[in-house]
Every structure is written in C-alpha cells, then in structure tokens.
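Fold and geometry: a report
Single-letter residue listing:
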Amino acid sequence: MSNDADFEAPATTAIEQCLNLRADESCTIVTDDERRPIGEALYAVASEITDDAVIARYPPGETHGGEPPAPVAAAMAGADVVLAPTTKSLSHTRARGEANEAGARVATLPGITAEVFTAGLDADYEAIAAHCEDVLKQVADADDVRVTSSGGTDITFGIGDREWLADTGIVHEPGEMSNLPAGEVFVSPETADGTYVVDGTMRPHGLLEEGQTLEFEVEDGLVTRISDDEIRETVEAAAEEVGDAAYNLAELGIGTNVAVAELVGSVLLDEKAGGTVHIAIGDDMGIGGDTEAPIHLDGIIRDATVEADGEVVDLPMSNGR
C-alpha cells in the first residue's frame, strides 16, 4: 500500500463529493485486513465531518458476493452513508441491499488497490457526471449501436426496450448505490451480432500485453466463439450450471472517467477510462437485463468508435490517452 498521505485527496473526494456526507449524518466504513489503509483514510476524512463515524473491519471474505459478519451488516443498515473498500465485493450482498432499503447511501469499492484508489478517485466527479449525461443524450434513443475498432471489433447491438444507465459516482440521495471508482454509461442490450476484440483488460489475464488480443464472436445475443482457452473454460463451467445463460452478451459500456490516464489491469478502474468501451458476458440481472448467471466477464477495448443509429458518438477521452 502507498503512504497514507497519498490517500487523503481520493478519500476526500469519495466522502465529500461522491457521498456528500454531512455533519448530522452517520457513516460506516466497512473494510478488511487487506484494505485497512484505504478504510482508515476514508474513516479519517469522515470523522472530521461527523462525530457519528465508525469503521468496521473483518477478515477478507472468501468470495465476491459473500455476506459480511452480522455485526458489520447491522452497522451498514444503521448508517446514513456506507463506504466499503473490501477485497471481495459487497455489491451483490443482502447486507448492501438491506442498507439501501433502510435509506443508506452506499459506495462499494471491491478489490480496491492503492493504485486504483488514487488514479480513479483523485478526480472531479461532477465533471464525470456531466460526461455521463453527454453520452447518455447521444445514445439514449438509439435502436442500434455499432462498435468498431482498428483491432477488428465490428459488432452491432439491438437495444430494444432496455434502458441506458449511468454510474456517475454521485451518491447523494437516500437508497442510492454506486461502485467507486465510477464513470460509465451502460446498457444490457436485447441482442447483438458480430465480433469484438479485447485489447485492454480482462480477467483472468489482467492487462493484456501489447499485441495480445482476445476474440469473441456473437450471434443473436449469444457468444458463439471464444479464442482464449481460460476464458472459454470459465464460461463452459458456468454453462454446466445455467446453460446458454452463461454465453449471454450481457453489457455494452462506455467509460467516462477522464482522470484515468492509462489502463492498470484492474477491471474496476479500466472499464471506467474515458474513450474505452467494455463488453461483458454472462449475468445482466443487476443492469436491466433478464439473464441470471454465475459470471459477469468484462472485456475492455482501448480505442473504439461508437455509432448510435449511424451517428458517431463523441466519447470523453481520458487525460494522457
């Protein structure tokens, strides 16, 4: 982890700008042993604003989506504001859902690292929200969206009745939730056809080497060919449990965080980078779709062109990219 002083600016952005914590509110910071310095940096900023701030720390969970200990869940549900920098994601847990239902504003920071925290949160989130709004205006009414790239991507998405959503990082209303770092506009399309070529970041590989690519062919909304053995085996294993749902083309996303100067190998951060596009396979229940699967695999395309009903979309570009 970096020196704790490096975390003051991003922690202030998260607490003050993103969550808008007020002096008359309570705040719970949920963290674990591996993310302690980030949790403590957030707590330090929160405790300067309100006397009703607590930090709850526990051993790292075993899986993404695993429930935190009962006392931690209770602290989340009892707070006005919750921030959760944890090794394993709390985004899709009952504890997070119950906190939101109780009116808490929640930001999860799953798998956050020092590099991701400083690169993705030392940013102007009001400006990022404005970029999200600009992109939404360009794509919201489109029936078809086409994505192409010099690396060989050429895929068309039928949006149908699905709604475009924005992850702005601005979590100011009761019951709202966001990942941090944030900055994307995304949709779960009804169908898709074509080929996409990932040349940025994708699990389990992380940041791809220069010249390395992962190719995916899509027909009628299902991925029909995967060039990479490891990813194909992951999808095949999920398919043994849920069938074709594992091959679902789940998401089209556009990054709007212009503070991300370069990809670092973290999907959480890299999919937000301005000027990138990400496409995901698998589960889309949480983003407006109707397919449930045990995987959600995002692949990031570095320099894509996006067209909405034939009109080129003006993408916000990250500084230095």
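Scroll up a little and you will see the structure.
This part covers unusual backbone geometry. A cis amide bond, omega -5°, links Leu-180 with the succeeding residue Pro-181. Within the fold, Pro-181 resides in the loop between strand 8 (177-179) and strand 9 (184-187). That bond from Arg-203 to Pro-204 is cis: its omega, 5°, falls within 30 degrees of zero. If you check the backbone angles, Asp-220 has positive phi at about 50° while not being a glycine. Position of Asp-220 relative to the elements: it lies in the loop between strand 13 (214-219) and strand 14 (222-226). Judged by relative accessible area, which is 64%, Asp-220 ranks as exposed. Its identity is not glycine, yet Asp-309 carries a phi of approximately 50°, on the positive side. Topologically, Asp-309 is positioned in the loop between strand 18 (304-308) and strand 19 (311-312).

What follows concerns the pattern of salt bridges. Inspection of every chain in the model, using the stated rule, returns 14 salt bridges. Between Glu-25 and Arg-105 there is a salt bridge; the shortest N-O distance is 2.8 Å. Here Glu-25, found in the loop between helix 1 (8-18) and strand 1 (27-32), pairs with Arg-105, found in strand 4 (residues 105-110); they are 80 residues apart in sequence, far enough to count as distant. In this structure, Glu-25 and Arg-105 share a single accessibility class: buried.

Its location among the elements puts Asp-228 in the loop between strand 14 and helix 7 (229-242). Buried charged residue Asp-228 carries no salt bridge. Nearest counter-charge: Arg-232, at 7.1 Å. For Asp-228, the side chain forms a polar contact with the side chain of His-205, separated by 3.0 Å. Those residues in contact with Asp-228 that lie beyond four places of it in its chain are His-205 and Leu-214.

Right, let's get into the packing of helix 1 against helix 5 (residues 114-121). Contact geometry for helix 1 and helix 5: axes closest at 8 Å, N-to-C directions at 50°. The angle between the axes of helix 1 and helix 5 places the two elements in the oblique class. Here helix 1 and helix 5 pass one another in a crossing that is left-handed. Residues Pro-10, Ala-11, Thr-13, Ala-14 and Cys-18 of helix 1 touch helix 5, and the partners they reach there are Phe-117, Thr-118 and Leu-121. Per-class residue counts for the contact of helix 1 with helix 5 are six nonpolar, two polar and no charged.

Packed helices, taken two at a time, are described by the angle between their axes plus the distance between the axes. Relative orientation of the contacting elements helix 3 (residues 70-77) and helix 4 (residues 94-101) amounts to 25°, with a least axis distance of 8 Å. Here helix 3 lies roughly parallel to helix 4, going by the angle between them. The chirality of how helix 3 crosses helix 4 is right-handed. From helix 3, Ala-73, Met-76 and Ala-77 reach across to helix 4, where they touch Ala-95, Arg-96 and Ala-99. When the residues that make up the contact of helix 3 with helix 4 are grouped by side-chain class, the tally is five nonpolar, no polar and one charged.

Structurally, Glu-307 can be placed in strand 18. Although buried, Glu-307 forms no salt bridge, and the nearest oppositely charged side chain, Arg-146, lies 4.1 Å from it.

Classification of Asp-228 as buried rests on a relative accessible area of 13%. With 15 residues separating them in the primary sequence, Asp-228 and Thr-213 have C-alpha atoms 9.0 Å apart. Of note is the side chain of Asp-228, whose polar atom sits 3.1 Å from the backbone nitrogen of Glu-230.

The next thing to look at is the nonpolar core. Within the largest apolar cluster, 41 residues are counted, with the highest numbers of intra-cluster contacts made by Phe-157, Trp-164, Tyr-196, Phe-216, Leu-252 and Ile-279. Broken down by element, the residue count for this core peaks at four residues, all from helix 7. Those residues in contact with Phe-157 that sit more than four places away from it in its chain are Asp-143, Asp-144, Val-145, Val-147, Pro-189, Thr-191, Ala-192, Leu-249, Leu-252 and Ile-279. Counting residues in hydrophobic clusters, the runner-up holds 36 residues, among them Ala-11, Ile-128, Val-171 and Leu-268.

Under the definition given, this model contains two aromatic pairs. Between Phe-7 and Phe-117 the ring centres are 5.5 Å apart and the planes differ by 75°, which places this aromatic pair in the edge-to-face class. Taken as a pair, Phe-7 in the segment before helix 1 and Phe-117 in helix 5 lie far apart in primary sequence, 110 residues in all. In this pair, the class of Phe-7 matches that of Phe-117, namely buried. Taking 4.7 Å as the distance between ring centres and 10° as the angle between the ring planes, the aromatic pair formed by Tyr-196 and Phe-216 counts as stacked. Of this pair, Tyr-196 sits in strand 10 (residues 191-198) while Phe-216 sits in strand 13, placing them 20 residues apart in sequence.

Basis of the calculations
- Residues numbered from 1 in each chain as written.
- Predicted model: local features only at pLDDT ≥ 70, side-chain atom pairs only at ≥ 80, totals over all residues.
- Heavy atoms only, no water.
- Helix = DSSP H or I, 4+ residues; strand = E, 2+ residues; numbered from the N terminus.
- Buried < 20%, exposed > 50% of the residue type's maximum accessible area, 1.4 Å probe, protein only.
- Salt bridge = Lys/Arg side-chain N within 4 Å of Asp/Glu carboxyl O.
- Lys, Arg positive; Asp, Glu negative; His and termini not counted.
- Polar contact = N/O pair within 3.5 Å; in protein donor to acceptor, adjacent residues only side chain to side chain.
- Contact = heavy atoms within 4.5 Å.
- Axes fitted to C-alpha atoms, helices over the stretch in contact; angles between N-to-C directions.
- Parallel < 35°, antiparallel > 145°, perpendicular 65-115°, else oblique.
- Left-handed = near helix turned anticlockwise from the far one by under 90°.
- Nonpolar A, V, L, I, M, F, W, Y, C, P; charged D, E, K, R; others polar.
- Core = buried A, V, L, I, M, F, W, Y, C linked by side-chain atoms within 4.5 Å.
- Phe/Tyr/Trp six-rings, centres within 6.5 Å; stacked < 30°, edge-to-face > 60°.

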